[in-house]
Amino acid sequence: MDQSAIDTLRAQEITPRGHFINGAFHAGETGAQHQVLSPIDGQPLALIAEGSPVDVNAAVQAARVAFEDGRWSRMAPARRKKVLLKLADLIEARALEIAVLGVRDNGTEINMAYKAEALSAAATFRYYAEAIDKIYGQVAPTGHDVLGLVHHAPVGVVGAIVPWNFPLMIGSWKIAPALAAGNSVVLKPAESASLSLLKIAELAAEAGVPDGVLNVVTGRGSVVGEALALSMDVDIMVFTGSGATGRQLLEYSARSNLKRCYLELGGKSANIVFNDAPDLAEAAKVSAAGIFRNSGQVCVAGSRLLVQEDIYEDFVAEVSRHAEAFRVGDPLDLNSQIGAVHSLTELEANLDFVSKAEAEGAERRTGGDRILTETGGYYMAPTVMADVKETDNLFQNEVFGPVLAVTPFKNEGEAIRLANATVYGLAGGVWTSNLSRAHRMVAGIKTGVVHVNTYGGADLTVPLGGVGQSGNGHDKSLHALEKYFDLKTAWIKL
Ligand code: ADP
């Protein structure tokens, strides 16, 4: 990557294009728009169409017509594969442009956005494209006078709602398997981070995804998201976001057509360091990256650090040193390691968590403040809060910002108990040289993923999903495809 190419791209004006419905951009029923501010400098960045229920209905109907006439749903999987592979190539060819566009509205630093957003989106489309003509139905082991076939039938119209932290990566985790399986999709990005996903819709059309098969309606969750989730013509909802919105989606489902809702919600993941970790210096470095990269705005972030009591003081000091060493700044400067907090509202909520934690007796070891205020952007120093108790707000609730809660533990039993002492169950980590302990911890920690002697980095080959109030269902891996198919039995008398 080259700084001058990034600087050229960041200077480009962003022209509003509206919703992407039935293969073309539309201003929408009311023509209303909202102003998106850039977290880099707090300045107006782009006008985004403010969708209405009428726009949602138009997109859902386009998706329904496309699904029913079979232009995509009945296309041979090998042909769908070719189109999606082409889309992956188009994304890869324009990866820097797409990454910079996304950074301008979401604030993730460019090195990470390039890989985790643009290149990861290309890889995701490629992965599901390659998979789709290799998945077979089944022949049931029936008696010889009957033939029982189990088909994978696409579910129909998929409604997808995604958040602002990694819009493209998470959006692709939903769109790619849904399309590969033959469904039509109506996607609602976060109101403050729609730009890169609108670009993907445009590239999908260029790659040959037929009109109506992938639609994007932008606007507010409480309007566009609600209308989508209440639609009688949407067959399933796939969602990543907050627990509060997840609950609402279940209500909308109950009030409409009982559509299945797959929810990837928050986390308060415990990263557990034993005194027999193979390399404590490495553990401290990776643990700091595991919470502070992308300003902690990562659903699987290791936001609770549990440290065995005899190494506690030294380890917390080491993690704090790493926290202070991160270069926080302009996310489009290649030298920055951490970019901006997504919005002023998020930044204020993060600062509020810190002051409440101090009031509850936690000790601020480093950070805790807004920084680089002179830029007008939303930046926060990586923050380490030590001696956080199990009952504290900071132990129990997700910050979704660069704030680490550290708690000591005595032994394995206490570590497992503390790890499981929140309503969440998304991710976790354990650092130990003891193989048996590592396996016991993997079994004992109630989450969808447990990292051992590392934190983060799980690739597309493995599923990501939560238990408890972190949600249900899985993104990534072949398992993600399961929700985009209905099993359909043919029972044939011979
Ligand atoms: P976050 O805290 O990550 O912003 P949200 O759950 O508020 O989490 O947002 C995630 C996505 O859910 C966004 O696209 C947002 O617009 C959407 N959303 C918010 N409220 C609703 C709602 N009532 N119905 C449907 N979607 C919503």
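Attention in this report is confined to the structure presented alongside it. Because the structure is a prediction, the values reported are computed rather than measured. (Residues numbered from 1 in each chain as written. Predicted model: local features only at pLDDT ≥ 70, side-chain atom pairs only at ≥ 80, totals over all residues. Heavy atoms only, no water.)

**Let's talk about the overall build of the chain**
Along its length, the chain carries 15 helices and 21 strands. Taken over C-alpha atoms, the radius of gyration comes to 23 Å for the chain, in line with the 23 Å a tight globule of 494 residues would show. Its C-alpha atoms put the chain at 70 × 60 × 45 Å along the principal axes. Counting the 494 residues in the chain, one finds 56% classified as buried. Across the chain, contacts joining residues at least 24 apart in sequence account for 75% of those joining residues at least 6 apart. Within the structure as shown, the chain displays about 19,200 Å² of accessible surface, and the carbon and sulfur contribution to it stands at 54%. With 43 positive and 56 negative side-chain charges, the chain shows a spacing of 6 Å between the two charge centroids. (Helix = DSSP H or I, 4+ residues; strand = E, 2+ residues; numbered from the N terminus. Rg over C-alpha atoms; globule rule 2.2 N^0.38 Å. Buried < 20%, exposed > 50% of the residue type's maximum accessible area, 1.4 Å probe, protein only. Contact = heavy atoms within 4.5 Å. Areas by Shrake-Rupley, 256 points an atom, 1.4 Å probe, with all protein chains shown as cover. Lys, Arg positive; Asp, Glu negative; His and termini not counted. Charge placed at Lys NZ, Arg CZ, Asp CG, Glu CD.)

**Points about the sheet that holds strand E17 (residues 383-386)**
The strands making up a sheet associate through backbone hydrogen bonding, with each pair oriented either parallel or antiparallel. Spatially, seven strands are ordered E14-E17-E18-E13-E12-E19-E20 in an open sheet, and the strand pairing comes out mixed. The sheet is open, and its two edges are formed by strand E14 (363-366) and strand E20 (449-452), each paired on a single side. Neighbour to neighbour, the strand axes of the sheet diverge by 25 degrees on average, direction disregarded. Two strands pair when backbone bridges link them, and strand E13 (residues 304-308) and strand E18 (residues 403-409) are joined in this way by five bridges, in the parallel orientation. Counted as the bridge partner of valine 307 is proline 408 from E18. (Pairing = 2+ DSSP bridges. Axes fitted to C-alpha atoms, helices over the stretch in contact; angles between N-to-C directions.)

**Thoughts on the pairing of strand E12 (residues 270-273)**
In the case of a regular strand, side chains alternate between the two sheet surfaces. Residues Ala270 and Ile272 point to one face of E12 and Asn271 and Val273 to the other, with burial holding for every one of them. Relative to E13, E12 runs parallel, the two sharing four bridges. Along E13, the bridge assignment pairs isoleucine 272 with leucine 306. Once the chain exits E12 it traverses helix H10 (residues 280-292) before rejoining the sheet at E13, and the crossover so formed is right-handed. Of the strand pairs in this sheet, E12 and strand E19 (residues 427-431) are connected by four bridges, and their pairing is parallel. Bridge pairing in E19 places alanine 270 opposite glycine 428. (Right-handed = clockwise from strand over helix to strand, strands pointing away.)

**A look at the site of the ligand**
Near the ligand there are 18 residues, and of these Val162, Lys188, Glu191, Ser242 and Thr245 occur at the shortest range. Measuring from a nitrogen atom of the ligand, one finds a backbone N or O atom of glycine 221 at 3.2 Å. Protein coverage of the free-state accessible area of the ligand, which is 550 Å², stands at 81%. Those elements that provide at least two residues to the shell around the ligand are helix H8 (221-230), strand E10 (236-240) and helix H9 (243-255). A total of four residues in the shell around the ligand trace back to one element, the largest contributor, which is H9. Along the lines of polarity and charge, the residues of the shell around the ligand split into eight nonpolar, seven polar and three charged. (Near = heavy atom within 4 Å. Polar contact = N/O pair within 3.5 Å; in protein donor to acceptor, adjacent residues only side chain to side chain. Nonpolar A, V, L, I, M, F, W, Y, C, P; charged D, E, K, R; others polar.)

**Quick notes on unusual backbone geometry**
Unusually for a residue other than glycine, serine 295 sits at a positive phi of about 55 degrees. Looking at the secondary structure, you find serine 295 in the loop between H10 and E13. Phi is positive for phenylalanine 400, which is not a glycine, with a value near 60 degrees. Classification of phenylalanine 400 by relative accessible area gives buried; the value is 19%.

**Observations concerning the packing of helix H2 (residues 53-69) against H8**
One way to put it is that H2 packs onto H8 with a least axis distance of 9 Å and a crossing angle of 40 degrees. The orientation of H2 with respect to H8, classified from their angle, is oblique. For the element pair H2 and H8, the recorded crossing hand is right-handed. Here Pro53, Val56 and Val60 of H2 lie close against H8, whose contacting residues are Val223, Val224, Ala227 and Leu228. Split by residue class, the contact of H2 with H8 holds seven nonpolar, no polar and no charged. (Parallel < 35°, antiparallel > 145°, perpendicular 65-115°, else oblique. Left-handed = near helix turned anticlockwise from the far one by under 90°.)

**Describing the environment of valine 462**
Mapped onto the elements of the fold, valine 462 is located in the loop between E20 and strand E21 (485-493). Accessibility expressed as a relative area gives 34% for valine 462, which makes it partly exposed. Separated by 408 residues in the primary sequence, valine 462 and valine 54 place their C-alpha atoms 38 Å from one another. Setting aside its immediate chain neighbours within four residues, valine 462 contacts Asp475, Lys476 and Ser477.

**Thoughts on the pattern of salt bridges**
Applying the stated criterion to the full structure yields 29 salt bridges. For arginine 417, the salt bridge goes to glutamate 390, with nearest N and O atoms at 3.1 Å. Note that arginine 417 is positioned in helix H14 (residues 412-419) and glutamate 390 in the loop between E17 and helix H13 (393-396), a separation of 27 residues in sequence. The salt bridge involving glutamate 412 is made with arginine 437; its shortest N-O contact spans 3.0 Å. One end of the pair, glutamate 412, is in helix H14; the other, arginine 437, is in helix H15 (residues 435-444), and 25 residues separate them in sequence. (Salt bridge = Lys/Arg side-chain N within 4 Å of Asp/Glu carboxyl O.)

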